[in-house]
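Understanding the architecture of this molecule
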Amino acid sequence: MNIAVKLPPVTGPNLRDAMRLVAGGVSVITAGEGDERTGLTATSAVSLSVDPPTMIICVNRDASAWPVIRRYGHYCVNILADHQRHVADRFAGRGGIKGVARYENADWNRLFTGALALEGALASVDCEVEEFVDRHSHSIIIGAVRGIRTADGRPLVYAQGGYGGFHPA
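All figures in this text were calculated on a predicted structure; none of them were measured in a lab. (Residues numbered from 1 in each chain as written. Predicted model: local features only at pLDDT ≥ 70, side-chain atom pairs only at ≥ 80, totals over all residues. Heavy atoms only, no water.)

**Observations regarding the sheet that holds strand E1 (residues 24–25)**
- Here three strands make up an open sheet; going across it, the order is E1-E11-E12 and the pairing antiparallel. Edge strands, defined here as strands with exactly one partner in the open sheet, are E1 and strand E12 (162–165).
- For E1 and strand E11 (residues 156–159), the ladder comprises two bridges, and the chain directions are antiparallel. Across the sheet, Gly 25 pairs through a bridge with Val 157, a residue of E11. (Pairing = 2+ DSSP bridges. Helix = DSSP H or I, 4+ residues; strand = E, 2+ residues; numbered from the N terminus.)

**Quick notes on the layout of surface pockets**
- Quantified by volume, the largest pocket comes out at close to 950 Å³.
- Taken together, 24 residues line the largest pocket, and the ones lying closest to its centre are Arg 16, Met 19, Thr 43, Ser 44 and Tyr 158.
- Of all the elements in the fold, those that place two or more residues in the lining of the largest pocket are helix H1 (12–19), strand E3 (38–42), strand E5 (53–60) and E11.
- Of all the elements, H1 adds the most residues to the lining of the largest pocket, at four residues.
- Residues of the lining of the largest pocket, tallied by class, amount to 13 nonpolar, eight polar and three charged. (1 Å grid on protein atoms, 1.4 Å probe; cavity = no way out; pocket = protein on both sides within 12 Å on 5 of 7 lines; lining within 4 Å. Points joined across faces, edges and corners; volume = space filled by probe spheres on them. Nonpolar A, V, L, I, M, F, W, Y, C, P; charged D, E, K, R; others polar.)

**Considerations on the nonpolar core**
- Ile 29, Ile 57, Ile 69, Tyr 75 and Ile 141 are the most contacted members of the largest nonpolar core, which totals 18 residues.
- Where this core is concerned, the elements lending two or more residues are strand E2 (27–31), E3, E5, helix H2 (65–72), strand E6 (74–79), strand E9 (123–135) and strand E10 (138–150).
- Ranked by residues supplied to this core, first place goes to H2 with four residues.
- Excluding residues within four positions of it along the chain, Ile 29 makes contact with Thr 38, Gly 39, Leu 40, Ala 42, Ala 45, Ile 57, Ile 69, Tyr 75, Cys 76, Val 77 and Phe 91.
- Core analysis: the next-biggest nonpolar cluster, separate from the first, contains 12 residues, Ala 88, Phe 91, Tyr 103 and Ala 121 among them. (Core = buried A, V, L, I, M, F, W, Y, C linked by side-chain atoms within 4.5 Å. Buried < 20%, exposed > 50% of the residue type's maximum accessible area, 1.4 Å probe, protein only. Contact = heavy atoms within 4.5 Å.)

**Notes on the side chain of Gln 84**
- Its location among the elements puts Gln 84 in the loop between E6 and helix H3 (85–91).
- Judged by relative accessible area, Gln 84 falls into the buried class, the value being 4%.
- Reaching out from Gln 84, the side chain makes a polar contact with the backbone oxygen of Gly 120 at a distance of 3.4 Å.
- Contacts of Gln 84, omitting those with residues within four sequence positions, involve Ile 79, Leu 118, Glu 119, Gly 120, Ala 121 and Leu 156. (Polar contact = N/O pair within 3.5 Å; in protein donor to acceptor, adjacent residues only side chain to side chain.)

**Describing the state of the cysteines**
- Scanning the entire structure with this criterion turns up zero disulfides.
- Not part of a disulfide, Cys 58 finds its nearest cysteine sulfur in Cys 127, a span of 13 Å. (Disulfide = S-S within 2.5 Å.)

**Thoughts on the pairing of E5**
- Bridge analysis of strand E4 (residues 45–50) against E5 gives five bridges, and the strand direction is antiparallel. Each residue of the ladder has a partner; that of Val 46, found in E5, is Ile 56.
- Connecting E4 to the next strand, E5, in antiparallel fashion are two residues.
- With seven bridges joining them, E5 and E10 adopt antiparallel strand pairing. When the sheet's bridge partners are listed, Thr 54 is paired in E10 with Ala 144.

Right under this line is the structure:
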């Protein structure tokens, strides 16, 4: 027999609390060129399809990277290794770090689209924007994959408000 359970009202904060329980890989999304380089730290970068190779990122339209991605039409998903927490923190804006300053203290390579790949990232996926799908406060940005670079290592993971490493059982 099914019994209806009364749940508390749905709010932004209780959805955020529930989603903090999902462990996610940490990526740094880079975009722009020259003095307009910027980026953000995300756990919302996933493949949409492998045929054709396509990625999705979800970006708040209030984020400083959103208009840069829109203007340049590119982004790179840099999947971080467990020793790259400092890069995740810089691109999350910890300590008030913004724009081009986020790229300091790391080595970067320009890719086909013009986006930058982090040297030593587990993977760098170079994407050309195909479409923006605006929903509520965010854009779902669909990108055609133009290049991929991978390396060995263990991924950086984020859950319950903190970073950790992933070690297979």
